[in-house]
Amino acid sequence: MPQPSLSAGRAGGTFLLYTLRSGALLLALLWGGCLPGLGQKATRPAAAAAPRPAARLGAAPQAPRAATGRTSVQYAKGFTIAYAGNCKVVTILSPFEQKTTAARYLLVPRGTARPAGYGDCRVIETPIRSLVAMSSMHIALADFLGAADVLVGVGDLKYASAPRVRQRIAEGKIFETGLGKQLNNELLITRHPDLVMTTGWPGEGLNSFQTLSAAGVSVMINSEWVETTPLARAEWVKVLAVLLNKEDLVNKQFDKVAREYQRLITLAQKAARRPSVVVGLPFKDVWYVPDADSYMAQFLRDAGAAYHWDRTKSPSGSLALGFEAVAPVALAAEYWIHTGSLASRAGLLALDARYAAFAPVKTGRVFNNNRRTNTQGANDYWESGALRPDIVLADLIRILHPELLPRGVLHYYQPLK
Amino acid sequence: MITAQYPAGADVQTTPAAGRQVGWLLALVGLVVGAFVLDVALGPVRIPLPTVVRLLLGHAGPDDTAAAFIVNQIRLPKALTALVVGMGLAVSGLQMQTLFRNPLAGPSVLGLTAGAGLGVALVMLAGGSAAGGFAVRELGLSGSWALVLAATAGAALVMLLVLALSARVRDNAVMLIVGLMIASVTGAVVSLWQYFSAPEQIQEYLLWTFGALGGVTGTHLAVLSIVVLAGLVLAFASSKPLNALLLGENYARSLGLNVRASRTLIIASTSLLAGGITAFCGPIGFVGIAVPHLTRALLRTADHRVLLPGASLVGAALVLACDCLAQLPGSQTALPINVVTSLLGAPVVLWVVLRGRNIRSAHS
């Protein structure tokens, strides 16, 4: 499935990222180290310092009652939001050293003078009126906040599923910026959006947008893919919410998702047994599987599944295992999920006839997350799915414990026929 | 590129040491068998040797489901692939070194590997980025056959080009340059494609370039074996022309050899071997360059009637050994085979270059 790999999460497509990582880390450290710390003022969850966020243990952290027009971070570890007078400070932390500041943004109301101090911050005037989203997940952020009309550009027109966004594309109201090296700087500078939101390492990534920054186009790099729990990943919607002054809306919407997610965790705990699950699709000798700290592993834990690599950690978020190392698990597993872009059993066996020996293939318990793939190949799982972990979890529970959710149908997942 | 002139008039007749060479060949057969068993016995999952032997003999017990799957469906096909790949690449490298009279020639010099890479890039990069590519994938062509067919087509196209040019170009040195230039152009096209592709597509292509012996099973393995066998038959049929070519083209011609026909035969054989192997396993480096040198040093002969079987045995043993090393003991991860062959192969080539004087003696 051709999806922007960064939005594909830590479980997949981190190979290239990994190779770049050490360099990025160094840059982020160098940069972050030079900055004076204002992060102390930021609202950070108390649990963030613990190796496991509270969500991991299945207990809902007590949401501080946010004042009107304010929001706070409960699950995510990759960013902080702080309020100072009528301004806001958004700090994006370096993904791998979550104590290091990678980039800070000062959000000032449009037309207001920049306050003194904050010399190290990039200034963005709020609310932003136009947004360019480079990753499909960022399209979902806007759609989640009912702000699809703010979108004026996306990285690749193909990778959009939200109906409102597709409609705007059809009306010619959204331009294509290109991705990576094909980024059309000239077009972006001409259109001059209020903000370009992209995915990557905040430190290293921003350097590659120097041309845009020099031309006065604000660039913000999100690193939601580094979060280790689905709710933390979805919580990045709050970054866009503060940019749009939609704090009250995001508190309402996100809390709803989080409450439903917690309810489903409790429901899954009632399951009599935890069926074993194998994840992903091998390529030749290598089978990348999510590691213990990936949000995918957290999904499986919360859905009441037994996952073989539940305690194996890897710096890149996924484990590169030999086919032989995964095969014994796949042979005996009860379910197999995330089979690449495949939608049929025949396609799976055409790839490698040996899969026929795996128990899930024999029993027809192979499920993929591509039910909502449109004709252009965009899979909504990577888009709206990132913001609706409650629906993804409901799907997983429906697959693994059908007796717990007897009503309703699968939303993102489908069985391979 | 270093060129070493092979001494004209070198004795390529069977020496009295033929008995010693037969002994060496028998020893090599033993080595290959040993490496094969070792390769099947080793892997990320620990399976006791008696169990492995029992499973290989077809006596699977009730508790052996996972072990039987690993041995019969994963390790055995992989070891067979390693065997076939080693033989094919080594023989094709030997043919190229003799044909081009260049100690650093290998299966990739004709641009065949690069041609196969171009075919694979077409499927992985262009296929994924174009809107039509998605439709192609949905039709089920994304199965492994698409890759194999694309790689074979790429290698075959380059082979046809090389064959057509070789009919016009008389000089083997010019032919070598033509091959390198073809490789360079196809490589540039692939790079350009990569530049304009999404990261995850590049990742897929990168994984292919690492080479893999696994994943070649069932029909694929049968097809690969037939292709390599055909290439080997052609290669063994060319052993006499190869001996004559060692003495230089003019000398070969004066011996009554139809140089052009022989050259076509040799190039066709190499194309089958290198193209087929690259199509199924990706580009696997250094075996083709290093093994012929190792074989000459071991057997101390320049007679291709001995060298060809010798090189195929050494190649098979080397790739099997590399595959054993690729599965780091106690690790759940297997290293890409290309990394291991190159790590082992580069020092061998260095050794060959540094022992420049001995290249001559090894050939004479």
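Topic: the overall build of chain A
Tallying secondary structure elements over chain A gives 15 helices and 16 strands in all. The burial tally for chain A puts 56% of its 417 residues in the buried class. Taking as baseline every contact in chain A between residues at least 6 positions apart, the subset at least 24 positions apart corresponds to 65%.

Regarding the overall build of chain B
Across its full length, chain B holds 16 helices and zero strands. Each of the 364 residues in chain B was classed as buried or not, and the buried ones make up 54%. For chain B, the share of sequence-separated contacts (at least 6 apart) that also reach a separation of at least 24 residues comes to 82%.

Some points on the environment of Gly115(B)
Residue and element names in this part refer to chain B. Positionally, Gly-115 belongs in helix α4 (residues 112-129). Taking the number of C-beta atoms within 10 Å as the measure of exposure, Gly-115 has 31 and is therefore buried. C-alpha of Gly-115 to C-alpha of Leu-157: the two residues are 42 residues apart in sequence and 7.3 Å apart in space. If near-sequence neighbours (up to four positions away) are discounted, Gly-115 is found in contact with Gly-154, Ala-155, Leu-157, Val-158 and Thr-186.

Topic: the sheet that holds strand β6 (residues 151-154) of chain A
All names here are of chain A. If you walk across this open sheet you meet the five strands as β7-β6-β5-β8-β9, and the pairing is parallel. Each edge of the open sheet is held by one strand with a lone partner, namely β7 (175-176) and β9 (219-222). Judged from the three bridges that link them, strand β5 (residues 131-133) and β6 form a sheet pairing that is parallel. Paired with Leu-131 across the bridge in β6 is Leu-151. Each of β5, β6 and β8 (195-199) is contacted by helix α2 (residues 136-144), which is oriented at about 140 degrees to β5, the strand it contacts most.

Focus on the confidence of the model for chain B
All names here are of chain B. Here chain B shows a mean pLDDT of 80. Residues at 70 or above account for 85%. Within chain B, the element-level pLDDT minimum falls on helix α5 (residues 131-141), averaging 40, and the maximum on helix α14 (residues 304-326), averaging 92. Under a pLDDT of 50 for its full length, residues 1-14 has, in the predicted model, 27 contacts with residues more than four places off or in other chains. Low confidence marks residues 360-364, where pLDDT is under 50. Its contacts with residues over four positions away, or in another chain, come to 11 contacts.

Digging into the nonpolar core
Ranked by size, the top nonpolar core spans 230 residues in total, and within it Ala142(A), Val237(A) and Leu320(B) carry the most contacts. Among the elements that make up this core, the one with the highest residue count is helix α3 (residues 65-99) of chain B (18 residues).

A short note on the packing of α3(B) against helix α9 (residues 218-237) of chain B
Residues and elements named next belong to chain B. It is the contact of α3 with α9, at a shortest axis distance of 10 Å, that shows an interaxial angle of 25 degrees. Put simply, α3 runs roughly parallel to α9. Of the two elements, α3 crosses α9, and the hand of that crossing is left-handed. On the side of α3, the interface is formed by Pro-77, Leu-80, Thr-81, Val-84, Met-87, Gly-88, Val-91 and Gln-95, while α9 contributes Leu-221, Leu-224, Ser-225, Val-228, Gly-231, Leu-232 and Ala-235. Classifying every residue of the contact of α3 with α9 by side-chain character gives 10 nonpolar, five polar and no charged.

Thoughts on the sheet that holds strand β10 (residues 276-279) of chain A
Residue and element names in this part refer to chain A. Pairing is mixed across the open sheet formed by five strands, whose spatial order is β12-β10-β14-β15-β16. At either end of the open sheet lies a strand with only one pairing partner, and these are β12 (306-307) and β16 (414-415). The pairing of strand β15 (residues 366-368) with β16 spans two bridges and is antiparallel. Counterpart to Phe-367 in the pairing with β16 is Pro-415.

A few points about the environment of Cys87(A)
Residues and elements named next belong to chain A. With respect to the element layout, Cys-87 can be found in strand β2 (residues 87-93). As a C-alpha pair, Cys-87 and Asp-285 span 198 residues in sequence and 53 Å in three-dimensional space. In this view, Cys-87 contacts Leu-106, Leu-107, Val-108 and Pro-115; residues no more than four positions away in its chain are not counted.

Some points on the packing of α3(B) against helix α13 (residues 287-299) of chain B
All names here are of chain B. Here α3 crosses α13 at 75 degrees, and the two axes come no closer than 7 Å. Taken as axis vectors, α3 and α13 run roughly perpendicular relative to one another. Contacts from Gly-86, Leu-89, Ala-90, Ser-92, Gly-93, Leu-94 and Gln-97 in α3 reach Val-287, Gly-288, Ile-289, Val-291 and Pro-292 in α13.

Describing the pairing of strand β3 (residues 101-109) of chain A
Consecutive residues of a regular strand have side chains that alternate between opposite faces of the sheet. All names here are of chain A. Taking burial as the measure, the nine residues of β3 include seven buried ones, the bulk of the element. Of the pairings in the sheet, the one linking β2 to β3 comprises six bridges and is antiparallel in character. Directly across from Lys-88, in β3, lies its bridge partner Leu-107.

Some details on unusual backbone geometry
A negative phi angle is the norm for most residues apart from glycine, just as the trans form is the norm for most peptide bonds. The peptide bond linking Thr126(A) to Pro127(A) adopts the cis configuration, its omega dihedral lying at -5 degrees. By secondary structure assignment, the location of Pro127(A) is in the loop between β4 (122-126) and β5.

Overview of the confidence of the model for chain A
Residues and elements named next belong to chain A. Chain-level statistics for chain A give a pLDDT mean of 82 and a share of 81% at 70 or above. In the model of chain A, helix α1 (residues 15-34) stands out as the element of lowest mean pLDDT, 36, in contrast to strand β14 (residues 335-337), which has the highest, 97. Within the model, pLDDT remains below 50 along residues 1-60, and this stretch shows 130 contacts once partners closer than five positions in the same chain are excluded.

Some details on the pairing of β2(A)
All names here are of chain A. Most of β2 is tucked away, with six of its seven residues classed as buried. Pairing between strand β1 (residues 79-84) and β2: six bridges, direction antiparallel. By the bridge assignment, Thr-80 is partnered in β2 with Thr-91. Hairpin remark: β1 followed by β2, antiparallel, with two residues in the connecting loop; positive phi at Gly-85, about 65 degrees.

Analysis parameters
Residues numbered from 1 in each chain as written. Chains lettered and ligands numbered in written order. Predicted model: local features only at pLDDT ≥ 70, side-chain atom pairs only at ≥ 80, totals over all residues. Helix = DSSP H or I, 4+ residues; strand = E, 2+ residues; numbered from the N terminus. Buried ≥ 20, exposed ≤ 12 C-beta atoms within 10 Å, placed from the backbone. Contact = placed C-beta atoms within 7 Å. Pairing = 2+ DSSP bridges. Axes fitted to C-alpha atoms, helices over the stretch in contact; angles between N-to-C directions. pLDDT = per-residue confidence, 0-100. Core = buried A, V, L, I, M, F, W, Y, C linked by C-beta atoms within 7 Å. Parallel < 35°, antiparallel > 145°, perpendicular 65-115°, else oblique. Left-handed = near helix turned anticlockwise from the far one by under 90°. Nonpolar A, V, L, I, M, F, W, Y, C, P; charged D, E, K, R; others polar.

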